[in-house]
Amino acid sequence: MKRHNVKHIAVLDDYQNVAISSADWSPLNDRAEITVFNDHIADEERLVDRLLPFDAVCVMRERTPLSRRILERLPNLRFIATTGGRNASIDVAAARDLGIVVSATGANGSGAPELTWALILAAARHIPTEIASFRGGGWQTTVGRDLSGSTLGVIGLGRIGRQIAKVGLAFGMEVIAWSQNLTDEAAEAAGVRRVEKAMLLRESEWVTLHLVLSERTKGIIGQDELALMKPTAWLVNTSRGPLIDERALIAALETESIAGLAVDVFDREPLPADHPLRTFGNVIATPHIGFVTENSYRIFYRDTVDNLAAWLNGAPLRVL
């Protein structure tokens, strides 16, 4: 089989410096020169300058968006290896027009649901506050909230939403759900009750979002929706930042019209150091680590290597 010449491959946004150790890259030996970047570049000019020499780039989820404008300025780029089964930050149509192949990988489905519950439990039992007290030499300072007997509202009862609902039921919570296409039958099959969005927002102590970001779902929680929530309710988002209108959210947190926000995702990532969401006492936040687990990375980078090898060999591979 005809083999390509040695290719220059960039691995982007390897924040933890684990890309190479997470998989066996030896199938690419003598076929490719791998350059790993641990930092993130948001500036378009600097990003284009960095990527110009490369034939292929490996992107971790949606950390580095690749728009048509950027792709058109990368004449050497022929292959994008993204992780996961979809990537809304890559202009796949533009890549196709430019003759750039975009591959996908498998994924580990447990990371985001587990982190969702870590955030809910941290909020319910004031874990950050109590840890800070303990490390400062103090003792008990807060009174926690019971999950058992409270109402969990799940917006989006898909693969992840159903996992969230199952755990909520195990905690003894009443679980209600809504999405644009959810039916009574699908909700019943998951052991939960389907309600309209307004009722879910009014009744829930915990409102958690599990939707794919699209034009239909962008801003699905805005000023009107936040106004319906109880002042004792927490909003939880481990899906995508733009599902919530950020300005309306900040106003609700400032006025404490909701109890708080437990969040892993943001409109802009990495979140600027001076962003208001970093300052609120009623925000429990993590830096988009829902998918950042050992098993997830093993699957992502293993499949990335397989895709790169298939591309180099001219063999079939999984594409977007």
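Residues numbered from 1 in each chain as written. Predicted model: local features only at pLDDT ≥ 70, side-chain atom pairs only at ≥ 80, totals over all residues. Heavy atoms only, no water.

The predicted model of the protein chain has a mean per-residue pLDDT of 97, with 99% of residues at 70 or higher. Looking over the protein chain, one finds the lowest element-wise mean pLDDT in helix H11 (residues 294–313), namely 97, and the highest in strand S9 (residues 206–209), namely 99. (pLDDT = per-residue confidence, 0-100. Helix = DSSP H or I, 4+ residues; strand = E, 2+ residues; numbered from the N terminus.)

Once that is clear, we can look at the pairing of strand S4 (residues 79–82). Here S4 shows a buried face lined by Phe-79 and Ala-81 and a second buried face lined by Ile-80 and Thr-82. Relative to S4, strand S3 (residues 56–59) runs parallel, the two being bridged by four bridges. Each residue of the ladder has a partner; that of Val-59, found in S4, is Thr-82. Sheet analysis places S4 next to strand S5 (residues 101–103), joined by three bridges and oriented parallel. (Buried < 20%, exposed > 50% of the residue type's maximum accessible area, 1.4 Å probe, protein only. Pairing = 2+ DSSP bridges.)

Applying the stated rule across the entire model yields eight aromatic pairs. Ring centres of Trp-117 and Phe-171 lie 5.3 Å apart, and the angle between their planes is 50°; this geometry places the pair in the tilted category. In this pair, Trp-117 sits in helix H4 (residues 111–124) while Phe-171 sits in the loop between helix H6 (159–170) and strand S7 (174–178), placing the two residues 54 residues apart along the sequence. Taking relative accessible area as the criterion, Phe-171 reaches 34% and is therefore assigned partly exposed. Ring centres of Trp-206 and Trp-234 lie 6.2 Å apart, and the angle between their planes is 25°; on these two criteria the pair is classed as stacked. Taken together, the positions of Trp-206 in strand S9 and Trp-234 in strand S10 (residues 234–237) put the pair 28 residues apart, joining distant regions of the chain. (Phe/Tyr/Trp six-rings, centres within 6.5 Å; stacked < 30°, edge-to-face > 60°.)

As enumerated under the stated definition, the model contains three cavities of 30 Å³ or more in all. What the largest cavity holds in volume is close to 70 Å³. Tallied by class, the residues present in the lining of the largest cavity amount to six nonpolar, two polar and two charged. Taken as a whole, the second largest cavity encloses approximately 40 Å³ of empty space. Lining of the second largest cavity is provided by Val-11, Leu-12, Cys-58, Val-59, Met-60, Ala-81, Thr-83, Tyr-301 and Thr-304. Elements represented by at least two residues in the lining of the second largest cavity include exactly S3 and H11. (1 Å grid on protein atoms, 1.4 Å probe; cavity = no way out; pocket = protein on both sides within 12 Å on 5 of 7 lines; lining within 4 Å. Points joined across faces, edges and corners; volume = space filled by probe spheres on them. Nonpolar A, V, L, I, M, F, W, Y, C, P; charged D, E, K, R; others polar.)

Let us now look at the layout of surface pockets. Computed from the structure, the second largest pocket encloses a volume of approximately 210 Å³. Going through the elements one at a time, helix H5 (127–135) and strand S12 (283–285) are the ones with two or more residues in the lining of the second largest pocket. Of the residues belonging to the lining of the second largest pocket, the class tally is five nonpolar, five polar and one charged.

Bringing the side chain of Asn-108 into the picture now. Structurally, Asn-108 is set in the loop between S5 and H4. One polar contact links Asn-108 to Ser-110, side chain to side chain, over a distance of 3.2 Å. Only 3.3 Å separates the side chain of Asn-108 from the side chain of Ser-296, close enough to count as a polar contact. Beyond its immediate chain neighbours, meaning those up to four positions away, Asn-108 contacts Thr-293, Asn-295, Ser-296 and Ile-299. (Polar contact = N/O pair within 3.5 Å; in protein donor to acceptor, adjacent residues only side chain to side chain. Contact = heavy atoms within 4.5 Å.)

Judged by nonpolar contacts, the single largest core of 30 residues is most densely connected at Ile-155, Ile-221 and Leu-235. The biggest single contributor to this core is helix H10 (residues 246–255), with five residues. Residues within four places of Ile-221 in sequence aside, it is in contact with Ile-155, Leu-201, Leu-209, Leu-226, Leu-235, Leu-243, Ile-244 and Asp-245. Listed in part, the 25 residues of the second largest apolar core include Leu-115, Ile-120, Ala-123 and Ala-190. (Core = buried A, V, L, I, M, F, W, Y, C linked by side-chain atoms within 4.5 Å.)

Moving on to the sheet that holds strand S8 (residues 193–194). One open sheet accounts for seven strands, arranged S8-S7-S6-S9-S10-S11-S12; its pairing is parallel. In this open sheet, the two strands that pair with only one neighbour each are S8 and S12. Here two bridges tie S7 to S8, and the two strands are oriented parallel to one another. Note on S8: the bridge partner recorded for Ile-176 is Arg-193.

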